[in-house]
Amino acid sequence: MKFDLHCHSHFSDGILSPEMLVSRAKEREVNVLALTDHDTIAGLFLAQQAADECGIILINGIEFSSQWGKGGVHIVGLGLKLESQSLKDAIDHQNHARVCRADQIASRLAKAGIAGALEGAQAIAGEAVVGRPHFAQYLVNIGAVNNINSAFKKYLGAGKSADVKYQWPDMPTVVNWIHAAGGVAVLAHPCKYDLTRTKMCALIKDFTQASGDALEVISGMQASAITDDLAGIAAVNNLASSCGSDFHSPNQPWQDLGNFSNLPARCKPVWQLLGFAA
Ligand SMILES: [Zn+2]
Ligand SMILES: [Zn+2]
């Protein structure tokens, strides 16, 4: 059985519709797929329909943004009960944070002489919640900058005039949300936060103390030494292990659906906590 427990559709920052995502997963011989869009479950209904049609097992997932120290970290929730009021409240909370931030970015851009940024970014975002990539695209479209990179360099990046920081909820809060919705909490891609190994270990320890359940030991294609190291850290903290591609787009083959090694045999797979025997 191939489990891919982390990917994104166009309901957050992915390229594909949930239906296209599921059929790509099927083509790529994934048996169990979790759709984990950022702070939304809006794609899960369509994904479930597609999964039923093609015979893939879909796990209801989400990827919540959380705060650890000065930085953002991501916590994946797997096996969520979609009717959970706590889940709805959590999503509302995150949505509100994103909307407020988008408003603030737009008003800072207005001060810098860029009009209509909120409406422009919204039109680009479509079904997704407005974020910095949409503002960046808007700045390119109106000719304020030549490309996405310069949009960040000139306006949206750290320390620039339209740089607005999020203040996300802390890890205990997010883990609680996931547990209250009947789900399992997984600390996503621990190597992608630009931390030293010591800091990363401290993060994982804090996540464990926040009652987190599992560590994403594999995130897409990665060196086996990293997998072994993370498997060891998961074991020390008594965390289960998860694996996923973090697929966003077919143009990024190193994180294509199902395109990663199996979990080391010594890991306790997170799917045991989700009721799978394998
Ligand atoms: Zn993430
Ligand atoms: Zn992700």
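Residues numbered from 1 in each chain as written. Chains lettered and ligands numbered in written order. Predicted model: local features only at pLDDT ≥ 70, side-chain atom pairs only at ≥ 80, totals over all residues.

Draft legend 1. Focus on the sheet that holds strand E6 (residues 214-219). Taken in spatial order, the seven strands of this open sheet run E1-E2-E3-E4-E5-E6-E7, and their pairing is mixed. Only two strands of the sheet have a single neighbouring strand rather than two, namely strand E1 (3-4) and strand E7 (240-244). In the sheet, strand E5 (residues 184-187) pairs with E6 via two bridges, with the strands oriented parallel. Looking at the pairing, Leu187 lines up with Leu215 of E6. Most of the contacts of helix H2 (residues 44-54) go to strand E3 (residues 57-68), to which it runs at about 150°, and overall it touches strand E2 (32-35) and E3. Against the sheet, helix H9 (residues 224-236) makes contact with E6 and E7, and its axis sits at roughly 175° relative to E6, the strand it touches most. (Pairing = 2+ DSSP bridges. Helix = DSSP H or I, 4+ residues; strand = E, 2+ residues; numbered from the N terminus. Contact = placed C-beta atoms within 7 Å. Axes fitted to C-alpha atoms, helices over the stretch in contact; angles between N-to-C directions.)

Draft legend 2. Region of the structure containing the environment of Lys192. One can find Lys192 in the loop between E5 and helix H8 (197-209). Put simply, Lys192 and Ser12 are 180 residues apart on the chain and 19 Å apart in space, counted from C-alpha to C-alpha.

Draft legend 3. View of unusual backbone geometry. Even without glycine at this site, Asp39 takes up a positive phi of about 55°. Judged by the 21 C-beta atoms lying within 10 Å of it, Asp39 falls in the buried class. The phi angle at Asp194 is positive, at roughly 60°, despite the residue not being glycine. Its 8 C-beta neighbours within 10 Å are what place Asp194 among the exposed residues. (Buried ≥ 20, exposed ≤ 12 C-beta atoms within 10 Å, placed from the backbone.)

Draft legend 4. Fine view of the domain arrangement of the protein chain. Under the domain assignment, the protein chain is made up of domain 1 (3-80 + 183-272) and domain 2 (91-156). Here domain 1 and domain 2 have C-alpha centroids that lie 27 Å from each other. At the junction of the two partners, domain 1 supplies nine residues and domain 2 supplies six residues. Split by residue class, the side of domain 1 that touches domain 2 holds three nonpolar, four polar and two charged. (Domains from an automatic or database assignment. Nonpolar A, V, L, I, M, F, W, Y, C, P; charged D, E, K, R; others polar.)

Draft legend 5. Spatial organisation of H9. Spanning 13 residues, H9 covers 18 Å between terminal C-alpha atoms, matching the ideal 18 Å at 1.5 Å per step. If you check which residues of H9 are buried, you get Thr227, Leu230, Ala231, Ile233 and Ala234. The buried side chains of H9 occupy one side of the element, clustering within an arc of 165° when seen end-on. H9 presents Ala225 and Val236 as exposed residues on the side facing more than 90 degrees away from its buried surface. Where H9 is buried, its residues contact H8, E6 and E7. Asn238 occupies a position one or two residues after H9 and carries a positive phi of about 60°. (Expected span 1.5 Å × (residues − 1). Arc of directions from axis to C-beta.)

Draft legend 6. Spatial organisation of the pairing of strand E4 (residues 71-78). The buried count for E4 comes to six of eight residues, which makes it a mostly enclosed element. The pairing of E3 with E4 spans eight bridges and is antiparallel. When the sheet's bridge partners are listed, Gln67 is paired in E4 with Gly72. What sits between E3 and E4 in their antiparallel hairpin is a turn of two residues, with Gly69 showing a positive phi close to 60°. In this sheet, E5 lies alongside E4 in antiparallel orientation, the contact comprising four bridges. Paired with Ile75 across the bridge in E5 is Leu187.

Draft legend 7. Fine view of the nonpolar core. Among the nonpolar cores identified, the biggest contains 59 residues, and Ile75, Leu78, Val186, Leu215, Val217 and Val270 are the most heavily contacted of them. For this core, the element with the highest residue contribution is helix H7 (residues 171-180), accounting for five residues. Counting residues in hydrophobic clusters, the runner-up holds 21 residues, among them Ala102, Ile114, Val130 and Tyr155. (Core = buried A, V, L, I, M, F, W, Y, C linked by C-beta atoms within 7 Å.)

Draft legend 8. Summary view of helix H3 (residues 85-111). Between the first and last C-alpha of H3 there are 39 Å, a value that for 27 residues agrees with the 39 Å anticipated at 1.5 Å per step. Burial in H3 covers these residues: Leu87, Ala90, Gln94, Ala102, Ile105, Ala106 and Leu109. Buried residues along H3 sit against E3, helix H4 (117-125), helix H5 (132-141), helix H6 (148-156) and H7. With its phi angle positive at about 95°, Gly113 sits one or two positions after the end of H3.

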